[in-house]
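Each chain, written out:
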Amino acid sequence: ISRGKPVPKRIDKYVMAKCLNCGNIFPMLKRNLSSKNCRCAECILKNDFVKIDDKISKIVVTCHYGTFEYFVDTCNLDMVSQYKWRIAIKRRKMYLITGTPKKKTAIYLHQMIYGEEIPKGCTIDHNNCNEFDNTRQNLKCVTKAENAQNVSARFNNRLGVRGVWYNDNRKS
C-alpha cells in the first residue's frame with residue numbers, strides 16, 4: 001500500500017483498486033468493488049471554495065451523499081478555506097464539520113463563523129432554519145429551550161400541529 005496509507009487489519013478482505021477519477025491505487029473492500037464507487041477518498045471528499053460576489057461565497061462539498069453548497073460571508077472565506085470540511089448528519093440535518101469528535105477537536109462551520117464565545121447552556125441557531133445558509137446575519141446565540149421551539153411537527157402527527165394530538169380512545 002503506497003503513499004503512507006495505513007494497512008487494513010483484514011488484508012484478505014481488501015483488493016487494490018484504481019480510482020476512476022485520478023488514477024491513484026488504493027485499498028478497497030472487496031464487497032464495495034463496483035464500477036460506480038471505485039474512487040479514492042481524495043476524490044470522494046472534496047471541498048471547493050467559490051466567491052459569488054463581494055458579500056456571499058459558497059463552499060461546495062462533494063461526498064458519497066452527493067454535492068452540496070453551503071453559503072458563507074466572503075469576509076469569512078479565507079478563514080474557512082484553511083480547513084477540510086465534511087458533512088455530519090445531526091437530527092436529519094446536514095452540517096459541515098472539521099476535526100474529529102473522538103479527539104474533541106470537532107468544530108461546526110456555523111460555530112466557527114459565529115466567532116464569539118458561546119455561553120454555557122446556549123447554542124448557535126440558524127434564523128431561517130436552513131443549515132446551508134451560514135452567513136453571519138443568519139446566526140444567533142440562543143438557549144436550548146429557545147432552539148427547541150424550532151422543531152417541526154413529528155412525522156406521525158396526523159393533525160400537523162405541534163403540541164396537539166388526537167385521542168383515539170375518546171368517544172365522540
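Above: the structure in question.
Cut-offs used in this document
- Residues numbered from 1 in each chain as written.
- Predicted model: local features only at pLDDT ≥ 70, side-chain atom pairs only at ≥ 80, totals over all residues.
- Heavy atoms only, no water.
- Pairing = 2+ DSSP bridges.
- Helix = DSSP H or I, 4+ residues; strand = E, 2+ residues; numbered from the N terminus.
- Axes fitted to C-alpha atoms, helices over the stretch in contact; angles between N-to-C directions.
- Salt bridge = Lys/Arg side-chain N within 4 Å of Asp/Glu carboxyl O.
- Buried < 20%, exposed > 50% of the residue type's maximum accessible area, 1.4 Å probe, protein only.
- Phe/Tyr/Trp six-rings, centres within 6.5 Å; stacked < 30°, edge-to-face > 60°.
- Patch = residues over 30% accessible without salt bridge, like charges linked within 9 Å, V, L, I, M, F, W, Y side chains within 5 Å.
- Areas by Shrake-Rupley, 256 points an atom, 1.4 Å probe, with all protein chains shown as cover.

S.K.: Any chance you could explain the sheet that holds strand β8 (residues 107–108) here in plain terms?
M.R.: Two orientations exist for strands paired in a sheet by backbone hydrogen bonds: parallel and antiparallel. Spatial strand order, β6-β7-β8: three strands in an open sheet with antiparallel pairing. Two strands lie at the open edges of the sheet, namely β6 (86–90) and β8, each paired on one side alone. Both strand β7 (residues 93–98) and β8 contribute to a ladder of two bridges, which runs antiparallel. What sits directly across from T98, in β8, is I107.

S.K.: What should I look at first to understand the sheet that holds strand β3 (residues 46–51) in this one?
M.R.: Spatially, β3-β4-β5 is the arrangement adopted by the three strands of the open sheet, whose pairing is antiparallel. Where the open sheet ends on each side, the last strands, each with one partner, are β3 and β5 (66–73). When strand polarity is set aside, the average angle formed by the axes of neighbouring strands in this sheet is 20°. Direction of pairing for strand β4 (residues 56–63) relative to β5: antiparallel, over a ladder of eight bridges. If you follow I56 over to β5, its bridge partner there is D73.

S.K.: Looking at this model, I keep getting lost on the pattern of salt bridges. Mind explaining?
M.R.: Evaluated as defined, the whole model comprises three salt bridges. Here K93 makes a salt bridge to E131, at a shortest N to O gap of 3.7 Å. Of this pair, K93 sits in strand β7 while E131 sits in the loop between β9 (122–126) and β10 (139–143), and the two are 38 residues apart along the sequence. Look at K93 and you get partly exposed, because its relative accessible area is 25%. You can call E131 buried: its relative accessible area is 10%. One salt bridge in this structure joins D125 and K140, with 4.0 Å as the shortest N-O distance. Placement of D125 in strand β9 and of K140 in strand β10 is noted, with a sequence separation of 15 residues between them. Overall, the relative accessible area of 35% leaves K140 in the partly exposed class.

S.K.: Could you clarify how one ought to interpret the packing of aromatic side chains in this entry?
M.R.: Aromatic ring pairs are defined here through the distance separating the ring centres and the angle between the ring planes. Per the counting criterion, the structure on display carries four aromatic pairs. Between the aromatic rings of Y95 and Y108, the centroid separation amounts to 6.0 Å while the plane-to-plane angle is 85°, which identifies the pairing as edge-to-face. With a gap of 13 residues between them, Y95 in strand β7 and Y108 in strand β8 connect regions that are remote in the sequence. Assessed through its relative accessible area of 17%, Y108 is described here as buried.

S.K.: I would appreciate a short explanation of a nonpolar patch on the surface in the present structure.
M.R.: On the surface, L159, V161, V164 and Y166 cluster together into a nonpolar patch covering about 370 Å² of accessible area. For L159, the position within the fold is in the segment after α4 (144–148). When its relative accessible area of 44% is taken as the criterion, L159 is described as partly exposed.

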